[in-house]
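Each chain, written out:
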Amino acid sequence: MKKFLLKILIYIALLTTIMLSINFLYIHNKADIDSDIEAFANGVPDNIQICNFGSSHGLYGFNYEDIEKKYTCFNFALSSQSLMYDYRILLNFKNKIKKDSVVFIVISYFSFLGKTEIEGKDFTSKNRRYYKILPRDLIEQYDWETDAYVNYLPSLIATPGDLLKNILSLKLNKNNQWDKEADAPLAYKDAQEAYERHIVTDKIDKNGERIYRQEAFNAIYSMINLLKEIGARPIFITTPFLSEYTDAIKNNAPEFFSEFYSVVNEIVKNTEVKYYDYSHDKRFRNDYSLFMNSDHLNRKGARKFTNILMREVLGFLE
Amino acid sequence: MLFNSWQFGIFLPVVFAIYWAVPQKFRWALLFAASYYFYMSWNVEYVVLILFTTIISYFAAIFIERFQDNTAAKKIILTFTLVSCLGVLFVFKYFNFFSESFVNLMRAFSIQLHPMTLKLLLPVGISFYTFQTLSYVIDVYRGTVKPEKHFGIYATFISFFPQLVAGPIERTNNLLPQIKAHHEFNYEQATYGLKLMTWGFFKKLCIADNLAVYVDKVFNDVYAYKGFALILVTFFFTIQIYCDFSGYSDIARGAAKLFGIDLMENFKSPYFSASIKEFWNRWHISLSTWFRDYVYIPLGGNRVSKARHYINLMITFIVSGLWHGANWTFIIWGSIHGLAQIIENIFTRRKNYQPRGLEWAFKVLLTFTFCMFAWVFFRAQSFSEAVYVFSNMFSGIGSLINYLHQGFVDIRMDKFLFASFCITFFVMLMFDYFSREIDVITTLNNKNQILRWFAYIAIGMIIIFLSQKGVATEFVYFQF
């Protein structure tokens, strides 16, 4: 028995040593921060005057580079971020937002659709990133195991490619997708997939009825109340899309837009918050050079869009 | 409590340490308590069901022995036990299925009825322990096994935690004497057990769980996919279900060995079978032999007319399909395996012929392909989903390169993940290939110490870095 236990201990000790060494190398060599939370990792500034929330439509739709010298700006959006997490992030960083600031809340077509947050696709993997951003009480279904992996043993949850690259300090060509430009055939195909993903998959029940998330409505009303408490000015925004995307929805679900706008108008009426819809804006909808795919602006498009917002929506700041 | 959870990582060493520290006479009690704690960690209430099944079968066996000269009384007791144990299984697993199927049948005759359904969670492992219980009572009835008088030891036999929730479905003659026997710690057996567990974890965590991500993504939204993506995930599911279930069996057998108990082998490289018959001799052996001994042979087996033999085969496979789940897809899956065996039987002239070389390789490939496509019925949620998979899996094949490329694009499989899958799949394939002839673990034990430790460390590191983290995924067969 002694020999058995001793060998197990040696085995565990060896495994632990190698694992911790690899983890150390991984953390030490990791040059690029996860692109998703890059902005948060660099620090959320104080006295924010202009900021936005939202999913990838918000993340890629705002580019503050032309106004950053004049105003303190921040992009709180993350890919696939729900309105519930928009609210939790706002709760956590509310003290960083200045009185009289302007807060854009991005509303996408799918913002209010789908099953509950924890039933959503990729909930576990998407939820992990908030362990680096938010305190535990604001993380949905917090567990210490994930916390340990994310914050102390990240090599164990890295993808094989990421692990290899960082252990060996490989410099692989990583094209920044935000700089890409869309083209017609790809945009068409992408739009069809995006339509399925955003409007159909897990968003229609057995009877063919659209599933609405009550928790998303609660979150948006809570956000508005909190922003009004802070003294900030909330504005609802729908970012520009290529015509392929809006057409895919119009052709496949002709009734969708009237449903969507009636939901948004109800919220606008209840909250008295202004809503600006750029989803069909002619300055964008047919210009592939401004998009990286059918529904996401690229860096250039985001810059143009943000500048338009500043002129058209935030004229009062001047 | 899943095998792949940190709770089990604490539970097993604690039970192991206490087991070897306490005197032999208390060990059954420890295993009994540990097993019930293990089972209650899923759902405390369902312990009542396993206790009910255990008590009924315990007393039934004793009464059967008492009335051994009274065939009518024995039959009544056996029937009562079968009805009681299978009744529990029926209510929890099959009631809704039969109720809905009956309503659908009536609808075909324009009779409108509302199905009566029960909102019950399926207790984990109910099919496994029910079948183990039944085999005990039937064996006592047949006189091949003596009833166990010690209730605690009998209850431990039914609930022995390593094999409680997903088998192997043990036979009385193998497991019960081992629970009663005096055990001395055996270094070789314990280290073999740990190595077997490690191999099981490798298959479950590094292969099955990683493939499950893609399989679930596609099969949970199957109508959004077509073309090669459907073939890819069908192939992935073929590998996933094997690694998941045989991984569980290896962990179970390995854990049992730590307590000096040898469970039966449940898988013997099934995907290296050259026929469907051979596949069933290598796949889920404890269930296949159960059906052979308690369904197929009592029906007459092959010692009847050809037509009757084929009917027996079909009945056995349909029941086997139904055992897996209360859905028509499982019945179809069982039926096509039964049908394949009948066809094989018709066209096989030399009964004990063993193909070799290229012929063997071709037949293995053919059997594998058949099994792979049959798994579609097993994985699909409904018959129409399975039909959709079959009718769309070759869509776009006219442009072959684009067809293959699009498949990978559709499932969004990262190239590094694909490379890691290829490596782990190759390791698994080699292990299984050599396992046909030799015991790979024992062979490795005889190799140079440095080589051995290198292999142990390598597999340990692969498990640590390539397994899914933060999600303890259930084993597929738990649902049965």
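Shown above is the structure to which this text applies.
Residues numbered from 1 in each chain as written. Chains lettered and ligands numbered in written order. Predicted model: local features only at pLDDT ≥ 70, side-chain atom pairs only at ≥ 80, totals over all residues. Heavy atoms only, no water.

Student: Is there a simple way to think about the overall build of chain B in this case?
Tutor: Counting its secondary structure elements, chain B contains 20 helices and zero strands. The C-alpha radius of gyration computed for chain B amounts to 23 Å, which stays within 12% of the reference 23 Å derived for 480 residues, consistent with globular compactness. Across its three principal axes, chain B shows a C-alpha extent of roughly 70 × 70 × 50 Å. The buried share among the 480 residues of chain B stands at 56%. Considering only intrachain contacts with a sequence separation of at least 6, the fraction spanning at least 24 residues in chain B is 76%. Summed over all atoms, the accessible surface of chain B reaches about 21600 Å², with 66% contributed by carbon and sulfur. (Helix = DSSP H or I, 4+ residues; strand = E, 2+ residues; numbered from the N terminus. Rg over C-alpha atoms; globule rule 2.2 N^0.38 Å. Buried < 20%, exposed > 50% of the residue type's maximum accessible area, 1.4 Å probe, protein only. Contact = heavy atoms within 4.5 Å. Areas by Shrake-Rupley, 256 points an atom, 1.4 Å probe, with all protein chains shown as cover.)

Student: What is the right way to read the pairing of strand β1 (residues 48-53) of chain A from this model?
Tutor: Here is the key point about a regular strand: its side chains alternate between the two faces of the sheet. Residue and element names in this part refer to chain A. Summarising burial for β1: five of the six residues are buried, a large majority. Pairing analysis gives five bridges linking β1 to strand β3 (residues 97-106), with the strands arranged parallel. Residue pairing for β3: N52 is matched across the bridge by F104. Examined bridge by bridge, β1 and strand β2 (residues 73-75) share three bridges and lie parallel to one another. Looking at the pairing, N52 lines up with N75 of β2. (Pairing = 2+ DSSP bridges.)

Student: What's the story with a nonpolar patch on the surface in this structure? I'm lost.
Tutor: A cluster of nonpolar side chains, W144(A), W6(B), I10(B), V14(B) and I18(B), forms an exposed patch at the surface whose accessible area comes to about 500 Å². The element best represented in the nonpolar patch is helix α1 (residues 6-21) of chain B, accounting for four residues. Along the chain, V14(B) falls in helix α1. When its relative accessible area of 42% is taken as the criterion, V14(B) is described as partly exposed. (Patch = residues over 30% accessible without salt bridge, like charges linked within 9 Å, V, L, I, M, F, W, Y side chains within 5 Å. Salt bridge = Lys/Arg side-chain N within 4 Å of Asp/Glu carboxyl O.)

Student: Could you clarify how one ought to interpret the packing of helix α9 (residues 187-219) of chain B against helix α18 (residues 415-435) of chain B in this entry?
Tutor: Helix packing geometry: the angle between the two helix axes and the distance between the axes. Residue and element names in this part refer to chain B. Contact geometry for α9 and α18: axes closest at 11 Å, N-to-C directions at 140 degrees. As judged from the angle between their axes, α9 and α18 are oblique. With respect to the hand of their crossing, α9 and α18 are arranged in left-handed fashion. On the side of α9, the interface is formed by W199, F202, K203, C206, I207, L211 and Y214, while α18 contributes L417, F421, T424, F425, V427, M428 and F431. (Axes fitted to C-alpha atoms, helices over the stretch in contact; angles between N-to-C directions. Parallel < 35°, antiparallel > 145°, perpendicular 65-115°, else oblique. Left-handed = near helix turned anticlockwise from the far one by under 90°.)

Student: What's the story with the interface of chain A and chain B in this structure? I'm lost.
Tutor: Contacts between the two partners involve 32 residues from chain A and, on the opposite side, 29 residues from chain B. Contact between chain A and chain B buries roughly 2600 Å² in total, counting both sides, with carbon and sulfur atoms accounting for 73%. Our count for the chain A to chain B interface comes out at one salt bridge. In this structure, the salt-bridge partner of E193(A) is R412(B), at a minimum N-O distance of 3.5 Å. Contributions of two or more residues to the side of chain A that touches chain B are made by α1 (2-29), α5 (123-128), α6 (144-151), α7 (160-167) and α8 (184-200) of chain A. Within the side of chain A that touches chain B, the residues separate by chemical class into 19 nonpolar, five polar and eight charged. (Buried area = accessible area lost by both parts, 1.4 Å probe. Nonpolar A, V, L, I, M, F, W, Y, C, P; charged D, E, K, R; others polar.)

Student: I tried to follow the nonpolar core on my own but got confused; where do I start?
Tutor: Nonpolar side chains tend to gather and get buried jointly when the protein is soluble and globular. F161(B) and W375(B) are the most contacted members of the largest nonpolar core, which totals 163 residues. The element that contributes the greatest number of residues to this core is helix α10 (residues 228-257) of chain B, accounting for 18 residues. Leaving out residues up to four positions away in the same chain, F161(B) has contacts with F8(B), F11(B), L12(B), V15(B), L31(B), A34(B), S35(B), F38(B) and F259(B). Residues I37(A), L90(A), L113(A) and I267(A) belong to the second largest nonpolar core, which totals 59 residues. (Core = buried A, V, L, I, M, F, W, Y, C linked by side-chain atoms within 4.5 Å.)

Student: Got a minute to help me understand empty space enclosed by the protein in this structure?
Tutor: Rolled over the atoms, a probe with the dimensions of a water molecule shows which regions are left empty. Residues and elements named next belong to chain A. Enumeration over the complete set of coordinates arrives at one cavity of 30 Å³ or more. Each pocket or cavity is described by its volume, and for the largest cavity that value is around 50 Å³. Taken together, Y109, F112, L113, Y212, F256, E259, F260 and V263 make up the lining of the largest cavity. Within the lining of the largest cavity, the residues separate by chemical class into seven nonpolar, no polar and one charged. (1 Å grid on protein atoms, 1.4 Å probe; cavity = no way out; pocket = protein on both sides within 12 Å on 5 of 7 lines; lining within 4 Å. Points joined across faces, edges and corners; volume = space filled by probe spheres on them.)

Student: Quick question: what am I supposed to make of the packing of aromatic side chains here?
Tutor: Any pair of aromatic rings gets described here by the distance separating the centres and the angle formed by the planes. Residue and element names in this part refer to chain A. By the definition in use, this model includes 108 aromatic pairs over all chains. Seen from their ring centres, Y131 and Y142 are 5.5 Å apart, and the 25 degrees between their planes marks the pair as stacked. Highlighted residues: Y131 in the loop between α5 and α6 and Y142 in the loop between α5 and α6, separated in sequence by 11 residues. Taking relative accessible area as the criterion, Y131 reaches 7% and is therefore assigned buried. Over the ring of Y85 we find R88, and its NZ or CZ is 4.4 Å from the ring centre. (Phe/Tyr/Trp six-rings, centres within 6.5 Å; stacked < 30°, edge-to-face > 60°. Lys NZ or Arg CZ within 6 Å of the ring centre and 35° of its normal.)

Student: What is the right way to look at α10(B) in this model?
Tutor: Each full turn of the α-helix corresponds to 3.6 residues, which orients residues three or four apart in the same direction. For α10(B), spanning 30 residues, the distance from its first C-alpha to its last is 43 Å, which sits close to the expected 44 Å at 1.5 Å a residue. For α10(B), the buried fraction is high: 29 of the 30 residues fall into the buried class. (Expected span 1.5 Å × (residues − 1).)

Student: Would you mind showing me how to read the environment of R142(B) here?
Tutor: Residue and element names in this part refer to chain B. Structurally, R142 can be placed in helix α5 (residues 126-142). Along the sequence, R142 and N174 sit 32 residues apart, while their C-alpha atoms lie 17 Å from each other. Other than its neighbours up to four places away in sequence, R142 contacts D293, Y294 and P298.

So, to be careful, I would describe these as geometric facts and stop short of saying anything about function.
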